[in-house]
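Chain residues, written in single-letter form:
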Amino acid sequence: MNEAVVHIHRGGPLLALVGNPNCGKTALFNRLTGSRQKVGNYAGVTVERKEGQFSSPAGRALRLLDLPGAYSLNPRSPDESVTVDVLRGNARGEKRPDLVVCVVDATQLRRNLRLVLAVKRLGLPCVVALNMADLAEKRGIVVDAEALGRELGLTVVRTVAVRPDGTDALRELLDQPEVWHYQRLPGDVRDLAPEVDPRGDHAAVHGILDRLGLAEVAPHLASDRIDRVVLHPLVGPLLLALILFLVFQAVFAWAEAPMGWIEAATAAAGEAVAAQLPQGLLRSFLVDGLIAGLGGVLVFLPQIVILFFFILLLEESGYLPRAAFLLDRIMGSVGLSGRSFIPLLSSFACAIPGIMAARTIANPRDRLVTILIAPLMTCSARLPVYALLISAFVPQREVWGGVELQGLVLFGLYLAGIVTAMAVAWLLKLLTAGRQVRTLMMELPSYHWPQARNIAIGLWQRVKIFLRRVGGIILVLTVALWALASFPAPPEGATGPAVAYSLAGTLGRALALLFEPIGFNWQISIALVPGLAAREVAVSALATVYALSATGDDAAGVLAPLLAQDWSLATALSLLAWFVAAPMCLSTLAAIKRETGSWKMAGIAAAYLTALAYALAFVTYRVALALGGG
Amino acid sequence: MPLRESASVLEVNAPPYAPEWSGWLAEIGFLPGERVQLLGRAVPGGDPLVVRVGDSTFALRVAEAACVQVQPLQVAER
């Protein structure tokens, strides 16, 4: 998620959604704005900024800002700082909101109302959205919105973000002119206002809940029952392993058909263009450079979509923090906390959102270590490389009970990444941890049924980001590589493939000397150069190199059998090992620089990952040779 | 503190090596008089803990939970 800072200063008053984490704020945001959202960053910081548009029933155009969740207005993370700065009107490049919508989870009033009181004291016009009121009622918590409004001195409306008509009351409220003006606080709330001491608000909230007859703590029956299984000492970890395994099986199995369609479409597009144009430079550029390169990357979109789908599903349902809980002990043994799990899991899709998610880790050392090992998690950009090599070198057969050997090998590669990351973290623990204080304090929200709409919107945003990368850096590199591979043209009467005479061939042969001890040929060496910029480019680069050195025109379909024929098993294994630690893409390095504020950390990460990749590949290659894989 | 038994928070005392904890624990709900309940422990080692505080559930390390002084409630009171 590395987009530029977006400033939208279009007309319409600005509303801001504020609330505790897990209060259903983002679901409400999605319900109000639908697909009319822009995702970007706040100026100067890498906190994700979401703005959307919607209109009131009277047709008034409104802008809505989804502020990061916060427990209080005393920020303890960069995310919470943004929320506070925006509300105080101190955020760079941000307008102070005209109206704040405080989202409260009706099942968690005790904690949520404290934030409402603190926000209200900032002096902004404010309304309260009593969210998840339906869930609360199922648990026997009946909140009288009007009475609560009187207590708070604010207008309170009920919202149910998961129902299409659940925000009607809120929309209608926005047409009433009086809500846009600051409402005075009732006396007893105003007197208990020490910003530094949450106990003042605590007492006020207690009083309110007492008077509303909500002082009793309601049990969470369903969530507790699920937790008894999910957090069970024995069943819990097994369930987690099973879930992760099924996710990776699905990534491979479900993506097969759509990948076939994309491959076929790429080949058809290549043929159609080839039929229209005469043999020559332009045709070679369009067919071999542009279409083959783009197709070779697009083909992995289905896998990325499926992986993100499952991550979003686990996130929406409330399972992710449980997984972090289960893994806290293991992470602790290498000097990290369960909190590092979520950034690391996101890194399986892409290291950049993972590195950005590390912001939620309060401990600076843990955060740095998490950022450094995040690129070792198998990001979806490596999937293309793994998928290509596995389909070329691992036979397609069932091992046992419907489990495919190819899926098993892929699982092994993911595991190798995790084990390597753990080893690095453990090493860093020995070197740097000393006497460390680590904080967990992580909320385990109630379970919710994931909402198709929220998942669809989240998925679409991630697909857009991926496609933007394809459209940008990857496309440029692919075309640049085509140029490298096409010039200079081979001399008259040359017998070898054209690429061998090109700049790329020369560069590849030079690099091949360096990579010879780990079994890479010059074609791989060429492909690795743009692969350093973005890993998945290595595949399209291989496609370009091999399409150009092969006689035929279509690249995507023939690559796997070509590789199986051209490379030894040891070389393939060595390349797989190389990519387990693959030196990261430039955008990852840029993300590390941005998050740590120095090029030093980015340089350290690049250096250590390259050395690690070389060492892993070297060992793999030599062992494979010794076992007869040459 | 035994599993599944309710208690009420007396006070929160952060250890000298992590003074910021008292504020953080207060923000997530560990405030005097609030009801807490230990719901589970992770295995191996019994760390971290699953703790219910007020209406919310949090995962806490043993060291973090140790900052919270509690007073047992009568079971009959629930």
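These lines cover the structure that appears in this document, whether it is placed above or below. Keep in mind that what you see is a predicted model, and the values were worked out from it rather than measured. (Residues numbered from 1 in each chain as written. Chains lettered and ligands numbered in written order. Predicted model: local features only at pLDDT ≥ 70, side-chain atom pairs only at ≥ 80, totals over all residues. Heavy atoms only, no water.)

## Topic: the packing of aromatic side chains
Residues and elements named next belong to chain A. Using the following cut-off: Between the rings of Phe, Tyr and Trp (Trp by its six-membered ring), a pair exists once the centres lie within 6.5 Å; its type follows the angle of the planes, with under 30 degrees stacked, over 60 edge-to-face, and the other angles tilted. Secondary structure is summarised from DSSP: a helix means a run of H or I of at least four residues, a strand means a run of E of at least two, and numbering begins at the N terminus for each. Consider the ring centre and the ring normal. A charge sits over the ring if Lys NZ or Arg CZ is within 6 Å of that centre and within 35 degrees of that normal.
This structure, assessed with the given rule, holds 10 aromatic pairs over all chains. Geometrically, the ring pair formed by Phe515 and Phe520 is tilted, given 5.6 Å between the ring centres and 40° between the ring planes. Taking 5.9 Å as the distance between ring centres and 80° as the angle between the ring planes, the aromatic pair formed by Phe520 and Trp578 counts as edge-to-face. Separated by 58 residues along the polypeptide, Phe520 in the loop between α20 (503-515) and α21 (522-533) and Trp578 in helix α24 (residues 569-580) bring together distant segments of the chain. Among the aromatic residues, those joined into a ring-pair cluster are Phe515, Phe520, Trp578 and Tyr614. Across from the ring centre of Tyr447, 4.1 Å away, lies the NZ or CZ of Arg322, which sits over that ring. A cation over an aromatic ring shows up here: Arg509 above the ring of Trp522, its NZ or CZ 5.6 Å from the ring centre.

## A word on the environment of A:Glu443
To be explicit about the condition: Three exposure classes are used, based on accessible area relative to the maximum for each residue type with a 1.4 Å probe and protein chains only: buried under 20%, partly exposed in between, and exposed over 50%. The criterion used for residue contact is that any of the two residues' heavy atoms lie within 4.5 Å. Any pair of nitrogen or oxygen atoms within 3.5 Å is treated as a polar contact; in protein, a donor-acceptor pairing is required on top of that, and neighbouring residues in sequence qualify only through side-chain atoms on both sides.
With respect to the helices, strands and loops of the structure, A:Glu443 is situated in strand β10 (residues 442-443). Residue A:Glu443 is classed as buried on the basis of its relative accessible area of 8%. Sequence spacing of A:Glu443 and A:Pro321 is 122 residues, and the spatial spacing of their C-alpha atoms is 7.3 Å. Those residues in contact with A:Glu443 that sit more than four places away from it in its chain are A:Pro21, A:Asn22, A:Tyr71, A:Gln108, A:Arg111, A:Pro321, B:Ser56, B:Thr57 and B:Phe58. Looking at A:Glu443, its side chain comes within polar contact range of the side chain of A:Tyr71, at 2.7 Å.

## Section: unusual backbone geometry
With glycine set apart, most residues show a phi of negative sign, and most peptide bonds adopt trans. Residues and elements named next belong to chain A. One non-glycine residue, Met132, adopts positive backbone phi at about 55°. For Met132, the location among the structural elements is in the loop between β6 (126-131) and α4 (133-138). Positioned with a positive phi, Met441 is a non-glycine residue whose angle comes to about 35°. With respect to the element layout, Met441 can be found in the loop between α18 (405-433) and β10. Exposure remark for Met441: the relative accessible area of 1% places this residue in the buried category.

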